[in-house]
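# Tertiary structure, described
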Amino acid sequence: MSILVLGGAGYIGSHAVYQLIDRGEHVIVIDNLETGHQKAVHPEAIFYQGDIRDKTFLYSVFEKESIEAVFHFAANSLVGESMEKPLKYFHNNVYGMQVLLEAMVEADVKRIIFSSTAALYGEPAVVPISEDTITNPTNPYGESKLMMEKIIKWAEKSYGIHYVSLRYFNVAGARGTAEIGEDHRPETHLIPIILQTALGKRSHIVVFGDDYDTPDGTCIRDYVHVEDLIDAHLLALDYLEKGGTNTVYNLGSNEGFSVNEMIETARKVTGKDIPTQKGERRQGDPSTLIASSEKARKELGWNPTRSTVQQIIQDAWNWHSSKPNGYEKGELG
Ligand code: UDP
């Protein structure tokens, strides 16, 4: 099949491209390289550098390539930044989705696998969180993804575009070969920051809040291995291929770990001292997010085999320790 991967130079998108190519698919990547890295693009993928909000550019790619399905990873995804720059999130994410769907309608492409997020549940009243939990985002990032889901839903009704929306919990880890991994600039995510501290590239990690209503006072998240996450995308593609209807799945490990527990596990995996400092709560952070991903397991046959926190941290550590400067030379953000 011929698959267009938007954001295929980014952390999660690049892992999708590698697995699609492993499976023998023909892959076309679009990325504006604002946060992605050219070196993360698989050498066998066809690469176009450009922005999905640029209609002329996007339409030209749909015209040149015969695309059968779209994987959409091209979005801004930082909770903290979204609180400071909400309009950036609505423009890139929501408007980007609108232009993409217009191009898909024009080119008669009917299938999309969409990267959604647990952030659209906000502060849930009940955990674990199932797909029918009320959506109530506590930050513009989650709100923008919720709006994107709604736009696809209406596009389905009028234009027959079939979708699977995958609501990610905390994605981490790296491909087992450590060829690709996580490299954000600036880095804001917990596991890379812990591991950069283990490498001595940071003096300490700041724990954002220790007064949450959780057993050790630090936030609890559900960590899912990026390779397991991509398995679910491939299963979702097969599901649409077989005529599956539009649907939404939570992707997580069904277990929660606190920030302190993650730091402790990283100390064991790396054998390094990882100094910490207490900090203020980060605005927009819910205290506890734990998935119920029973629906994906049952309906897609998803079987995440790498999503223990030890395996996630081990694979991330292999990447960070073999590429201490990530994809680029010089300082990390
Ligand atoms: N976190 C932290 N210190 C950091 C980065 C993150 O304490 O330097 C916490 C953050 O408050 C959240 C958890 O780690 O509770 C996971 O944050 P991350 O940014 O990795 O993912 P998010 O949950 O925002 O998607």
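Refer to the structure printed above.
I will try to describe carefully the structure that is included in this document.

Take the overall build of the protein chain next. Broken down by element type, the protein chain carries 10 helices and 13 strands. Taking 20 Å as the expected radius of gyration for a compact globule of 333 residues, we find that the protein chain reaches 19 Å, a close match to that expectation. In terms of its C-alpha atoms, the protein chain occupies a principal-axis envelope of roughly 55 × 45 × 40 Å. A burial count over the protein chain gives 58% of its 333 residues as buried.

So, on to the environment of Pro215. As for its position among the elements, Pro215 is in the loop between β8 (205–208) and β9 (220–221). In this structure the C-alpha to C-alpha distance between Pro215 and Ile191, which are 24 residues apart in sequence, comes to 20 Å.

What follows covers the pairing of strand β5 (residues 111–117). Counted residue by residue, β5 has six buried out of seven residues, so it is predominantly covered. Pairing of β5 with strand β6 (residues 162–168) involves seven bridges; the strand directions are parallel. In the strand pairing of β6, Thr117 is matched with Tyr168.

Here we take up the packing of aromatic side chains. Two aromatic rings, taken as a pair, are described by how far apart their centres are and by the angle between their planes. Tallying each qualifying case throughout the model produces four aromatic pairs. The interplanar angle of 50° and the centroid separation of 5.0 Å between the aromatic rings of Trp319 and Tyr327 together place this pair among those described as tilted. Residue Trp319 is classed as buried on the basis of its relative accessible area of 1%. Looking at Arg281, its charged tip hangs above the ring of Tyr212, at a distance of 3.9 Å from the centre. The ring of Tyr249 is capped by Lys295, whose NZ or CZ atom sits 4.9 Å from the centre of that ring.

What follows deals with the site of the ligand. In the region of the ligand, 14 residues are neighbours, and Leu190, Val206, Arg221, Arg282 and Asp285 sit closest. One of the side-chain nitrogen or oxygen atoms of Asn170 is found 3.0 Å away from an oxygen atom of the ligand. Val206 is positioned with one of its backbone polar atoms (N or O) 2.8 Å from a nitrogen atom of the ligand. Relative to its unbound accessible surface of 510 Å², the ligand loses 89% to contact with the protein. Sorting the residues of the shell around the ligand by element identifies α6 (190–198) and β8 as the ones contributing at least two each. For the shell around the ligand, the per-class residue count stands at eight nonpolar, three polar and three charged.

A few words on the sheet that holds strand β1 (residues 2–6). Spatially, seven strands are ordered β3-β2-β1-β4-β5-β6-β11 in an open sheet, and the strand pairing comes out parallel. Where the open sheet ends on each side, the last strands, each with one partner, are β3 (46–49) and β11 (247–251). On average, each strand axis in the sheet is inclined to that of its neighbour by 20°, with strand direction left out of account. Pairing between strand β2 (residues 26–31) and β3: four bridges, direction parallel. Its bridge partner lying in β3, Asp31 is registered against Gln49. Here helix α5 (residues 140–159) sits on the sheet in contact with β4 (69–72), β5, β6 and β11, set at roughly 155° to β5.

Their axes nearest at 10 Å, the elements helix α2 (residues 55–64) and helix α4 (residues 86–107) cross at an angle of 35°. Here the hand of the crossing between α2 and α4 comes out right-handed. Between α2 and α4, the residues in contact are Lys55, Leu58, Tyr59 and Phe62 and Tyr95, Val99, Leu100, Glu102, Ala103, Met104, Glu106 and Ala107, respectively. Of the residues assigned to the contact of α2 with α4, the class counts are nine nonpolar, no polar and three charged.

Bringing the side chain of Thr117 into the picture now. Within the fold, Thr117 resides in strand β5. What makes Thr117 buried here is its relative accessible area of 6%. There is a polar contact of 2.9 Å between the side chain of Thr117 and the backbone nitrogen of Ala119. If near-sequence neighbours (up to four positions away) are discounted, Thr117 is found in contact with Tyr141, Gly142, Lys145, Leu166, Arg167 and Tyr168.

For the rest of this paragraph, the subject is the pairing of β1. Extensive coverage of β1 is indicated by the burial of five of its five residues. What you see with β1 is no split at all: Ser2, Leu4 and Leu6 on one side and Ile3 and Val5 on the other are buried throughout. Pairing between β1 and β2: five bridges, direction parallel. Of the residues in β2, the one forming a bridge with Ser2 is His26. This β-α-β element, β1 to helix α1 (residues 11–22) to β2, shows right-handed connectivity. Both β1 and β4 contribute to a ladder of four bridges, which runs parallel. Within the sheet, the bridge partner assigned to Leu4 lies in β4 and is Val70.

Conventions used here
Residues numbered from 1 in each chain as written. Predicted model: local features only at pLDDT ≥ 70, side-chain atom pairs only at ≥ 80, totals over all residues. Heavy atoms only, no water. Helix = DSSP H or I, 4+ residues; strand = E, 2+ residues; numbered from the N terminus. Rg over C-alpha atoms; globule rule 2.2 N^0.38 Å. Buried < 20%, exposed > 50% of the residue type's maximum accessible area, 1.4 Å probe, protein only. Pairing = 2+ DSSP bridges. Phe/Tyr/Trp six-rings, centres within 6.5 Å; stacked < 30°, edge-to-face > 60°. Lys NZ or Arg CZ within 6 Å of the ring centre and 35° of its normal. Near = heavy atom within 4 Å. Polar contact = N/O pair within 3.5 Å; in protein donor to acceptor, adjacent residues only side chain to side chain. Areas by Shrake-Rupley, 256 points an atom, 1.4 Å probe, with all protein chains shown as cover. Nonpolar A, V, L, I, M, F, W, Y, C, P; charged D, E, K, R; others polar. Axes fitted to C-alpha atoms, helices over the stretch in contact; angles between N-to-C directions. Contact = heavy atoms within 4.5 Å. Left-handed = near helix turned anticlockwise from the far one by under 90°. Right-handed = clockwise from strand over helix to strand, strands pointing away.

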